[in-house]
Structure formats: structure tokens, C-alpha cells
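Below are the chains, spelled out letter by letter.
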Amino acid sequence: HNPPTVCFSPCRNRGGNERDGYDKDTLRNIKETKQFVVHIISNWYVDVANHTCGNYVYGDDEFKLSGATPVPSIKVKPPRVKEAAIQMECQLVDLHEIKDETGLVKATMVIGRVVLFHVHDAVLDKESTTVMLDKLQPISRMGGNTYGQSFGCFDLPRPDRSLK
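Visitor: Sorry if this is basic, but what is going on with the sheet that holds strand S6 (residues 105–119) here?
Guide: Where strands meet in a sheet, backbone hydrogen bonds hold them as pairs that are either parallel or antiparallel. The 6 strands are arranged S1-S6-S5-S2-S9-S10 in an open sheet whose pairing can be described as antiparallel. Looking along the sheet, the strands with just one partner apiece sit at the ends: strand S1 (5–8) and strand S10 (146–149). Direction aside, the axes of adjacent strands within the sheet are offset by 45 degrees on average. Bridge analysis of strand S2 (residues 35–42) against strand S5 (residues 86–99) gives 6 bridges, and the strand direction is antiparallel. Bridging from a neighbouring strand, His 39 pairs with Gln 87 of S5.

Visitor: Teacher, can you tell me more about the confidence of the model for the protein chain here?
Guide: For any part of a model where pLDDT is low, the fine detail of the predicted coordinates should not be relied upon. Scored by pLDDT, the protein chain has a mean of 89; 94% of the residues are at 70 or more. Summarising per-element confidence for the protein chain, the mean pLDDT is lowest in strand S9 (residues 138–143) (89) and highest in strand S3 (residues 70–71) (98).

Visitor: Even after reading the chapter, I still don't get helix H1 (residues 25–33), so can you show me in this structure?
Guide: The α-helix winds at 3.6 residues per turn, so residues separated by three or four positions along the chain end up facing the same way. Residues of H1 that are buried: Asp 25, Leu 27 and Ile 30. Residues of H1 that are buried in the fold lie against S1, S2, helix H3 (62–66), S5 and S6. Backbone geometry just downstream of H1 places Lys 34 in the positive-phi region, at approximately 65 degrees.

Visitor: What is the right way to look at the side chain of Ser 42 in this model?
Guide: Position of Ser 42 relative to the elements: it lies in strand S2. Classification of Ser 42 as buried rests on a relative accessible area of 0%. Excluding residues within four positions of it along the chain, Ser 42 makes contact with Leu 136, Gln 137 and Ile 139.

Visitor: What exactly am I supposed to notice about the environment of Arg 158 here?
Guide: Within the element layout of this structure, Arg 158 appears in the segment after S10. Remark: the alpha-carbon pair of Arg 158 and Ala 84, spanning 74 residues in sequence, is separated by 33 Å.

Visitor: Sorry if this is basic, but what is going on with the nonpolar core here?
Guide: Nonpolar side chains in soluble globular proteins tend to be buried together. Core analysis: the largest hydrophobic core is formed by 14 residues, its most contacted members being Val 6, Phe 36, Val 38, Met 88, Cys 90 and Val 110. Of all elements in the fold, only H1, S2, S5 and S6 reach the threshold of two or more residues within this core. Considering every element that reaches this core, the biggest residue donor is S5, with 4 residues. Here Val 6 is in contact with Phe 36, Val 38, Met 88, Cys 90, Val 110, Ile 111, Gly 112 and Val 114, once residues within four sequence places are set aside. Core analysis: the next-biggest nonpolar cluster, separate from the first, contains 7 residues, Tyr 45, Ala 68, Val 81 and Ile 139 among them.

Thresholds, definitions, all that
- Residues numbered from 1 in each chain as written.
- Predicted model: local features only at pLDDT ≥ 70, side-chain atom pairs only at ≥ 80, totals over all residues.
- Heavy atoms only, no water.
- Pairing = 2+ DSSP bridges.
- Helix = DSSP H or I, 4+ residues; strand = E, 2+ residues; numbered from the N terminus.
- Axes fitted to C-alpha atoms, helices over the stretch in contact; angles between N-to-C directions.
- pLDDT = per-residue confidence, 0-100.
- Buried < 20%, exposed > 50% of the residue type's maximum accessible area, 1.4 Å probe, protein only.
- Contact = heavy atoms within 4.5 Å.
- Core = buried A, V, L, I, M, F, W, Y, C linked by side-chain atoms within 4.5 Å.

As C-alpha cells, this is what we get:
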């Protein structure tokens, strides 16, 4: 898919009340640098990834706090997480504020263009150049304390074309 694009929506942190909301560190860093790295969480490091979700003071080193290993990126300034089997270096395309019915900003949708993919050999089928989900064991963060797991995929042909 050209261009490769990612989208996610960090919610606002909350102070003493909803009106005290402020940008989480991820969004603040993206606004400042216009760059970021997206990682696919796998079950072998979900505890490390979860530890980065804490409400830390801006500037705290979440790599040190979580035990994640930083590695330099090639095309963007933010570092990558070594433990992640899939890492996507991204350039910011757009930000879109998500407001509630009163007009209060509750989240910001981040749209980014992937400028470089890193896929670990252990999860890559080199013959088909596709990611093997059974090896990747992807985990999704659903919000709050909830995570999801993918247990498989299937192909379903569209009405106007066959599977290839």
C-alpha cells in the first residue's frame, strides 16, 4: 500500500479534573519532532510495553523505567525498541483533535507515513516476504488496562475477484 500509513489516537492525560487535561509524552514528542516510531507489541515483551503506559513526569526515561532497550533509528530521530520484532519509523502527516460534545479535546488522531520498516528475521517468511503472525504473536493495546491478542487470520475473496 502506497504510501504506508499508520494512525493512532493518544488520549489526553488528566489532572485534577477533565479540564486539566494535557498531552501525553508521546503526543508532545510528536508535536515537537514531527517524527515517531510505531512498534508492534508481541507477547514476549508485553510487560515491558505496559510499563511505558504509566503517567510519568515529562523527561523521565521510559526506556530505563520499563527495561526496554533503545536502538538508533535510521531515518528518524526517536529511537526504536530492540525487543519489538516490527518497528516502523514514521514521519508525521497530520494531527486531528477529537472533541467531545462540549468541544473539549479528549484525544488527538496521529497520522503518519512509514518511511522505514524493520522486521526481525524470526517473524518474516522470506519466500513470501510476509510476517508470520504465529511467530509475531501480536498484542494490541485496547485502552485502559485491556489488551487484545490475534490468534490467526483467514482470506476471504471479495465478490469481484478471486484469491491469488
